[in-house]
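# Survey of secondary and tertiary structure
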Amino acid sequence: MNEHLPVDKTFKLFIGGAFPRSESGRTFAVRDAKGALLANASQASRKDLREAVRAARGAQESWAGRTAYNRGQILYRAAEMMEARRPEFVSVLRQIGVTPKAASKQVDQAIDRWVWYAGWADKTHHILGTVNPVAGPYFNFTFPEPTGVVGVMAPDEPALLGLVSRLAAVIVSGNTAVAVVEGPASLAAITLAEVLATSDLPGGVVNLLTGDKNELLPWMMGHLDINAVDLTGAPKDLDPTILEEAAVNVKRTVWGDSTAESPYAIADFLEMKTVWHPIGK
Amino acid sequence: MTTEKFDLDYAPALESTAVVNIAKQYGLFVNGEFVKARGDKTFATINPATEAHLANVAEASKADVNKAVKAARHAYETYWRDMPGKQRARYLYRIARQLQERAREFAVLETLDGGKPITESRDFDLPQAAAHFFYHAGWADKLDYAFPGRKVTSHGVVGQITPWNFPMMMAAWKLAPALATGNTVVFKPAETTPLTALLLAEVLQDVDLPPGVVNIVTGAGATGQALVDHPDVDKLAFTGSTGVGKMIQRAAAARRLPLTLELGGKAAHIVFDDAAIDQAVEGVVKGIFFNQGHVCCAGSRLLVQESIAEMFIEKLKRRVDLLRVGNPLDKNTDVGAINSAAQLGRIADLVKVGVSEGAEIYQPKCSLNKKGFWFAPTIFTGVQQSHRIAQEEIFGPVLSVQTFRTADEAVQKANNTPFGLSAGVWTEKGSKILWMADLLNAGVVWANTYNQFDPASPFGGYKESGFGREGGMQGLSAYVRTDTGGRS
């Protein structure tokens, strides 16, 4: 008889820095390869998505308003927190079927992604911005700004590295994110949420919804307060006509690489602003 | 007092139309030749200042668009895709030079077909068009430097649709970057202003551009639809209304077709009490009455600080009283003809709504011609944020005036529309300009100036004003296919 019966974790949603259950009361079972129950994860509803967007919008202006240096440090802090909980991440990945060697490597890479993107916070302006030599007496410059609130369809595989790669690219510039994670990857995502909740990341900058992508994507595409949607992890059996809803508010749609380590992955969620001022005496 | 003896008005200074030679009939420009549309269908284009018939222009059907796309595909695979950038550049430089050399002819034709003042087509539209080709010519063999660490290729066949407000300039904004990056094009100009695009086709023949690299299909909405829906188009670019832009985004979405949109706007033009007032008055006038207000980035909402509002509006009215509305060919004209009867109707309707919603209307006394399409410069005061004239794009010479007390309130009001194309700020305080420039949700911010454009300067919108940029290094990315540009 086991003297210490483990206290299993309840996997909930991550919205506005808090961990609520789905308002719908729904859950879905995540089982290991042998069929043993790992968790009953919360299954987010349309209303949960709406709450998450509200939290993301509420956090966006002040997150974008922080200095790039500060945002970079907070992303780096996420790496520190992950490193401290490295064994837990490896264990979660192994539970959902990743081999020991691959799990270990994936956690290392995920930690490395935070560090890599953290360094871009105060450098994207250098490579994407310009001073423009216009044919007249004007000082003219162009610089990147965050798009706003970004909906993210998180990649199913690799569960942890995919989510971290997409999230880091989205938020480093000052966007806030509402990510939808499906299936076993949900366990890695909510474990990540516990790291983000203790990384000085303001509540609402990252919101994680576990559930059914096909259920939530139409609402995400049609939401008037979402500025861009990352479709990199969109379901394979996606009905493409759902994408038409992006037009309701001229949403930006992005199809990226699920584990990209590229400044252009950041650029996909940026707007370019150009400012003119006369030069004269 | 004897001043009434003197006639102080300007004598007319008409630009000669002898420089243009308008054909009775124009074909489509497909595979380097002018061809008839299927069934010989045509539509008329008129001079909006006189309603005089100018020419009949071929109306491209679905089958004609298909031919144009096929020609573009063939040219892409045969000549253009693999042509060294240096060589592509040569063609673009040639086009730029031809536009400079024939600038007056193009300018007069632009004014005849579109109704804009000759001073604008001569001093703005045409120089800008030529400059765009010249600027992008230089990029054609330097693309690797614009995308460090990235492999860059062209899309293939690009479909482009442009509006009637800056016909030649828009053609240049679309064609120059597409060609520089190695794409071939099927281009549809607006149905009310097709003539300069067709004159450009002559230039393309003269510079020996390989046949099919640029194809020009004239027509209205159905022609555009055929281009948007064509399965062999690899990328779409559209400039026009947000309504049509959304339809195009819908059409392109399920196909995951690369798309750039430059759509409508409702720009806030913000004047603080510490602005250089007389300069700001000029800027506000230029911001809304330039090109009859047919400008997507027009400064159509004046936000003036409450402490100076009364004085500023008085000065503004006095300045607007002096605007000369009339013959676009007259070099003294400030405000020309409204582009079409349909657009005049839309403007008149929204102005009626403004009056019925309770805003106070001001129009200077000016006699408008009976023939042609005209609308007097209009200022609405007492406008509320919820009024339709504060929220919807009018695309005409109509300014809505609101006031604000604090800079925060100005930002809040400025950003309170679904659009985000441009904004203007007038203050002599540098820190306030930069603070405002950060907070305004707009792709272009003009500070102590307005309506400035340059091929080296990226232009495009936030939010429902579209996505993608035109001009500058940033504008090139709309026309290239790229790899991830990193590791994964």
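Here's a quick rundown of the structure. Residue positions are given per chain, counted from 1 along the sequence in the order it is written. Chain labels run from A onward and ligand labels from 1 onward, assigned in the order the entries are written. Note on the predicted model: pLDDT of at least 70 is required for a residue's local features to be given, and 80 or more for side-chain atom pairs to be given and counted; whole-chain, interface and lining totals, by contrast, use all residues. Hydrogens are left out, water is left out, and the side-chain values use all remaining heavy atoms of the structure.

As a further point, take the overall build of chain A. When you go through chain A residue by residue, the secondary structure sums to 9 helices and 10 strands. Referenced to the eigenvectors of the C-alpha coordinate spread, the extents of chain A come out at roughly 85 × 40 × 30 Å. Remark: exposure states derive from per-residue accessible area (1.4 Å probe, protein chains only) relative to the maximum for the residue type, with buried under 20%, exposed over 50%, and partly exposed in between. Within chain A, the proportion of its 281 residues that are buried is 56%. When the accessible surface of chain A is split by element, carbon and sulfur atoms take 54% of a total near 11600 Å². Each charge class in chain A can be summarised by its mean position, and for the 28 positive and 31 negative side chains these summaries are 3 Å apart. Strands here mean DSSP runs of E at least two residues long; helices mean DSSP runs of H or I at least four residues long; both are numbered from the N terminus. For every accessible area listed, the method is Shrake-Rupley and the probe measures 1.4 Å; residues are considered covered only by the protein chains on display. Under the counting rule used here, the positive set is Lys and Arg, the negative set is Asp and Glu, and His together with the chain ends is not counted. A single reference atom marks each charge: NZ on Lys, CZ on Arg, CG on Asp, CD on Glu.

All names here are of chain A. Axis lines are fitted to C-alpha atoms, over the contacting stretch for helices. Their N-to-C directions set the angle, which ranges from 0 to 180 degrees. Remark: helix H2 (residues 68–84) packs on helix H4 (residues 100–118), axes separated minimally by 8 Å, with the N-to-C direction vectors making an angle of 165 degrees. Considered as vectors, H2 and H4 are oriented roughly antiparallel to each other. For the pair H2 and H4, the crossing hand works out as left-handed. Of the residues in H4, those in contact with Gly 72, Leu 75, Tyr 76, Ala 78, Ala 79, Met 82 and Glu 83 of H2 are Ala 110, Ile 111, Trp 114, Val 115, Tyr 117 and Ala 118. Among the residues forming the contact of H2 with H4, the class breakdown is 11 nonpolar, 1 polar and 1 charged. Angles below 35 degrees are treated as roughly parallel, those above 145 as roughly antiparallel, those between 65 and 115 as roughly perpendicular, and all remaining angles as oblique. By the definition used in this description, the sense in which the near helix is turned from the far one sets the handedness, with an anticlockwise turn below a right angle giving left-handed and a clockwise turn giving right-handed. By definition in these notes, contact holds between two residues if any of their heavy atoms fall within 4.5 Å. Under the scheme applied, nonpolar residues are Ala, Val, Leu, Ile, Met, Phe, Trp, Tyr, Cys and Pro; charged residues are Asp, Glu, Lys and Arg; polar residues are all the others, including Gly.

Attention now goes to the sheet that holds strand E9 (residues 252–254) of chain A. Residue and element names in this part refer to chain A. A pair of strands counts as paired when DSSP detects no fewer than two bridges linking them. Overall, parallel pairing links the 5 strands, which are arranged E7-E6-E5-E8-E9 in an open sheet. Looking along the sheet, the strands with just one partner apiece sit at the ends: strand E7 (206–210) and E9. Ignoring strand direction, the axes of neighbouring strands in this sheet form an average angle of 15 degrees. Across the face of the sheet, helix H1 (residues 46–65) comes into contact with strand E5 (149–153), strand E6 (176–181) and E7 while running at roughly 150 degrees to E6. Contacts from helix H7 (residues 185–196) reach E6 and E7, with the element oriented near 155 degrees to E7.

With that settled, consider the sheet that holds strand E3 (residues 130–131) of chain A. Taken in spatial order, the 10 strands line up as E3(A)-E4(A)-E10(A)-E18(B)-E17(B)-E12(B)-E13(B)-E16(B)-E15(B)-E14(B) in an open sheet, and their pairing is mixed. Since the sheet does not close on itself, it has two edges, and those belong to E3 of chain A together with strand E14 (360–362) of chain B, each with one partner. Relative to strand E15 (residues 378–381) of chain B, E14(B) runs antiparallel, the two sharing 3 bridges. What sits directly across from B:Ile361, in E15(B), is B:Phe380. Strands strand E12 (268–271), strand E13 (301–305), E14, E15 and strand E16 (398–404) of chain B of the sheet are contacted by helix H11 (residues 306–321) of chain B, whose axis makes an angle of about 135 degrees with E13(B). Each of strand E4 (138–146) and strand E10 (270–278) of chain A together with E12, strand E17 (422–426) and strand E18 (444–447) of chain B touches helix H15 (residues 430–439) of chain B; the most contacted strand, E10(A), lies at about 155 degrees to it.

Right, let's talk about the pattern of salt bridges for a bit. Residues and elements named next belong to chain B. Each reported salt bridge corresponds to a side-chain nitrogen of Lys or Arg within 4 Å of a carboxyl oxygen of Asp or Glu. Scanning the model with the defined rule gives 41 salt bridges over all chains in all. Here Asp 141 and Lys 142 are joined by a salt bridge, their closest N and O atoms 2.7 Å apart. Asp 141 gets classed as partly exposed once you look at its relative accessible area, which sits at 32%. One salt bridge connects Glu 470 with Lys 174, and the closest N-O pair in it is separated by 2.6 Å.

It is worth spelling out the side chain of A:Ser165 at this point. Residue and element names in this part refer to chain A. In this structure, Ser 165 sits in helix H6 (residues 159–171). Note on Ser 165: relative accessible area 1%, which makes it buried. Setting aside anything within four residues of it in sequence, one finds Ser 165 in contact with Arg 113, Tyr 117, Ser 258, Thr 259 and Ala 260.

By the secondary structure assignment, B:Val335 is in the loop between H11 and helix H12 (341–356). What B:Val335 contacts, discounting residues up to four positions off in sequence, is B:Pro117, B:Phe289, B:Gln292, B:Leu323, B:Arg324, B:Val325, B:Gly326 and B:Pro377.

With that settled, consider the packing of H2(A) against helix H3 (residues 86–95) of chain A. All names here are of chain A. The interhelical angle for the contact between H2 and H3, taken along N-to-C directions, is 75 degrees, at an axis separation of 4 Å. Considering the angle they form, H2 stands roughly perpendicular to H3. Taken together, the residues of H3 that come into contact with H2 (itself represented by Met 82, Glu 83 and Ala 84) are Arg 86, Pro 87 and Phe 89. For the contact of H2 with H3, the residue count by class is 4 nonpolar, no polar and 2 charged.

It is worth spelling out a nonpolar patch on the surface at this point. All names here are of chain A. In this analysis, a patch consists of residues with relative accessible area above 30% that form no salt bridge, clustered at 9 Å for like charges and at 5 Å for the nonpolar side chains Val, Leu, Ile, Met, Phe, Trp and Tyr. A grouping of Val 131, Phe 139 and Ile 279 is seen on the molecular surface, where their side chains present a nonpolar patch of about 310 Å² in accessible area. Looking at where Ile 279 falls in the secondary structure, it is placed in the segment after E10. The exposed category is assigned to Ile 279, whose relative accessible area is 54%.

All names here are of chain B. Centres within 6.5 Å make a pair out of two Phe, Tyr or Trp rings, where for Trp the six-membered ring is used; the pair is then stacked when the planes are under 30 degrees apart, edge-to-face when over 60, and tilted otherwise. Under the criterion given, the structure shown has 21 aromatic pairs over all chains. Aromatic pair Phe 124 and Phe 166: ring centres 5.8 Å apart, planes at 65 degrees, arrangement edge-to-face. Of this pair, Phe 124 sits in helix H4 (residues 118–139) while Phe 166 sits in the loop between strand E7 (157–161) and helix H6 (167–180), and the two are 42 residues apart along the sequence. Neither residue differs from the other here; Phe 124 and Phe 166 are each classed as buried.

Purely geometric numbers; function is a separate question.
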